[in-house]
Amino acid sequence: AVSAAPPREVSCMSAHDDPNPQASDTAFILRLPQALAEKVRGMCAANDFSGLEMNVDPAGSSHNFTGRTAHFKMGVGTAEQINLPASMMNLPTLVEGYRTIEGRQGDYIKTCEVSQIMVVHDSTSEAFLTRSRRPNANFEDGLTPATRKMRRVHAEFKPHY
């Protein structure tokens, strides 16, 4: 069954906390169902990620989906373990992440570039439906309402000169 609540993006990656600054030059966005998003936000606030696993299949995917399939696991090693399918998809544009320097307002440094989104599905049937609708693994929408159907709008635009 598909949940009625919209999925939420979760971001808790911090370049400042990473001992290897080169490792955080690229990132991805994690889109979760509403109930899981709240739990992961709590984990980010507590800085405790024990029992959380995300595995991406490097070999490719199944059926006609050209993107990479993945698995999202929460509560690993407990009786309440949750295993959900996920899909790595390409965003229509590159998104840059910035942070302030020592909390000073107006001083920003670029911390990462985001070009992919991992969509965690509620069920295997929802994952199959999403992958069949977007076999080329391109995410049609941007991250904000203003960028809805962004890939389609830019593909249809033709200059008239």
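Whatever comes next refers back to the structure up there.
These figures come from a predicted structure and were not determined experimentally.

Turning our attention to the nonpolar core. Counting 15 residues, the largest nonpolar core has L32, F72 and V120 as the members making the most contacts within it. Ranked by the residues each element gives to this core, the list is headed by helix α1 (residues 34-46), at 5 residues. Apart from the residues within four sequence positions on either side, F72 is in contact with L30, L32, L36, V40, L52, E53, M54, I82, N83, L84 and V120. Judged by nonpolar contacts, the second largest core, of 9 residues, contains I29, M89, I117 and V119.

So, about the side chain of E126. Here E126 lies in helix α2 (residues 124-133). Put simply, E126 is tucked away with no salt bridge, and the nearest opposite charge, on R133, sits 8.5 Å away. Here the side chain of E126 touches D122 through a polar contact of 3.2 Å, landing on its backbone nitrogen.

Its place among the elements puts L36 in helix α1. Judged by its relative accessible area of 7%, L36 is buried. Taking the C-alpha atoms as reference points, L36 and M74, 38 residues apart in sequence, are found 8.8 Å from one another. Not counting residues within four places of it along the chain, the set of residues in contact with L36 comprises F72, M74, I82 and L84.

Glancing now at α1. Spanning 13 residues, α1 covers 19 Å between terminal C-alpha atoms, matching the ideal 18 Å at 1.5 Å per step. For α1, the set of buried residues is L36, A37, V40, M43 and C44. Looking straight down α1, one finds its buried side chains confined to an arc of 120°; they lie on one side. Summarising the geometry of α1, the exposed residues directed more than 90 degrees from the buried face are A35, A45 and A46. N47 sits one or two positions beyond α1 and adopts a positive phi of about 55°.

Cut-offs used in this document
Residues numbered from 1 in each chain as written. Predicted model: local features only at pLDDT ≥ 70, side-chain atom pairs only at ≥ 80, totals over all residues. Heavy atoms only, no water. Core = buried A, V, L, I, M, F, W, Y, C linked by side-chain atoms within 4.5 Å. Buried < 20%, exposed > 50% of the residue type's maximum accessible area, 1.4 Å probe, protein only. Helix = DSSP H or I, 4+ residues; strand = E, 2+ residues; numbered from the N terminus. Contact = heavy atoms within 4.5 Å. Lys, Arg positive; Asp, Glu negative; His and termini not counted. Salt bridge = Lys/Arg side-chain N within 4 Å of Asp/Glu carboxyl O. Polar contact = N/O pair within 3.5 Å; in protein donor to acceptor, adjacent residues only side chain to side chain. Expected span 1.5 Å × (residues − 1). Arc of directions from axis to C-beta.

Keep in mind that these numbers describe shape and distance, not what the molecule does.
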